[in-house]
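# Working through the structure, step by step
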Amino acid sequence: MQSSLKLVDCIIEVHDARIPLSGRNPLFQETLGLKPHMLVLNKMDLADLKEQQVKKIIQHLEGEGLKNVVFTNCVRDENIKQIIPMVRGLVESSYRYHRGESLEYCAMVIGIPNVGKSSLINALRRQHLRKGKATRVGGEPGITRAVMSRIQVCERPLMFLLDTPGVLAPRIESVEMGLKLALCGTVLDHLVGEETLADYLLYTLNRHQLFGYVQHYGLAAACDDIAGVLKQVAVRLGKTQKVKVLTGTGDVNVIQPNYPAAARDFLRTFRSGLLGPVMLDRDVLQRPPLAHP
Ligand SMILES: Nc1nc2c(ncn2[C@@H]2O[C@H](COP(=O)(O)OP(=O)(O)OP(=O)(O)O)[C@@H](O)[C@H]2O)c(=O)[nH]1
């Protein structure tokens, strides 16, 4: 990535709009800080972005020295058209823009895994070139494996992007930040444990008063006992398993709820947006923004 930097006029950092302040790798800032930089907060359709919330996000990011922020939805191509003019403006006003007669722009897409980097490139191509997929999109972190390649995204101005694998690890400052990152799918579920993650999801939904899960799974009421919720989810989805139990008089087969399968379904339902939009950094946003040094 570093060796390709000299080819690049601008950095487009993609991050998940549900965690606008958590998990961005500070290396992005330090090692790439010399280039014009914009932050794309993607998956806006899954994020709770009320007006007040957006103001706070912008204020906090300004506190971190980030001024060029765009919220996008790469599935429905929302706000995608704002990106190229912003890149062009940033490059043209940059003192590094001294490539004279070269009319080409080259930007690098970076970000932690699974935030939508490939989807953004595909969306830009759809919007500006009327072309489809150039890069693979996957539901699991770490799918972008190809080594740096240059992909055209626009004819006028002539603009290329370098797609990079999402190999830079997220910054995980605390257990809770790690759980937020995992809920957004930027860390593989089994590294945290699906049931642990489901427990944190239930805690978050209740704390944010997002009770869509009650109706979705036909529960009697909101509840903060994950075992109880997963049991009902498993029964409702027909996800049960036979378990052999040893008794004094021999083995007995018992039908038990399949807790891991229920946890997986709970997480998948949340991530698809069916339980409503969420702002996982709400607690951080409630604190005053840091002053930029
Ligand atoms: N709801 C929603 N899903 C999105 C959006 N953008 C991307 N996704 C989904 O997020 C998942 C990851 O997208 P990718 O484009 O593969 O992400 P990436 O950052 O290239 O991932 P890595 O290759 O792991 O680094 C896919 O399932 C996409 O369909 C969006 O704006 N909204």
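- In the annotation of an unreviewed UniProt entry, the chain is listed under the name Mitochondrial GTPase 1 and assigned to Leptonychotes weddellii.
- The chain has a UniProt comment under Sequence similarities (unreviewed entry) that states "Belongs to the TRAFAC class YlqF/YawG GTPase family. MTG1 subfamily."
- According to UniProt, the comment filed for the chain under the heading Function (unreviewed entry) is "Plays a role in the regulation of the mitochondrial ribosome assembly and of translational activity. Displays mitochondrial GTPase activity."

## Section: the environment of Glu62
- Mapped onto the elements, Glu62 comes out in helix 2 (residues 51-63).
- For Glu62, a relative accessible area of 44% translates into the label partly exposed.
- C-alpha separation for the pair Glu62 and Glu173, spaced 111 residues apart in sequence, amounts to 20 Å.

## A word on a nonpolar patch on the surface
- Taken together, the side chains of Val245, Val252 and Val254 make up a nonpolar region of the molecular surface, amounting to roughly 170 Å² of accessible area.
- Assignment of secondary structure puts Val252 in strand 8 (residues 250-257).

## Considering the state of the cysteines
- Scanning the model with the defined rule gives 0 disulfides in all.
- Cysteine Cys106 shares no disulfide, and the gap to the nearest cysteine sulfur, in Cys10, comes to 10.0 Å.
- With relative accessibility at 5%, the residue Cys106 sits in the buried group.
- Free of any disulfide, Cys154 has its nearest neighbouring cysteine sulfur in Cys106, separated by 13 Å.
- The class of Cys154 is buried, set by a relative accessible area of 4%.

Calculation criteria
- Residues numbered from 1 in each chain as written.
- Predicted model: local features only at pLDDT ≥ 70, side-chain atom pairs only at ≥ 80, totals over all residues.
- Heavy atoms only, no water.
- UniProt positions renumbered as here; feature names shortened; annotations may be inferred.
- Helix = DSSP H or I, 4+ residues; strand = E, 2+ residues; numbered from the N terminus.
- Buried < 20%, exposed > 50% of the residue type's maximum accessible area, 1.4 Å probe, protein only.
- Patch = residues over 30% accessible without salt bridge, like charges linked within 9 Å, V, L, I, M, F, W, Y side chains within 5 Å.
- Areas by Shrake-Rupley, 256 points an atom, 1.4 Å probe, with all protein chains shown as cover.
- Salt bridge = Lys/Arg side-chain N within 4 Å of Asp/Glu carboxyl O.
- Disulfide = S-S within 2.5 Å.

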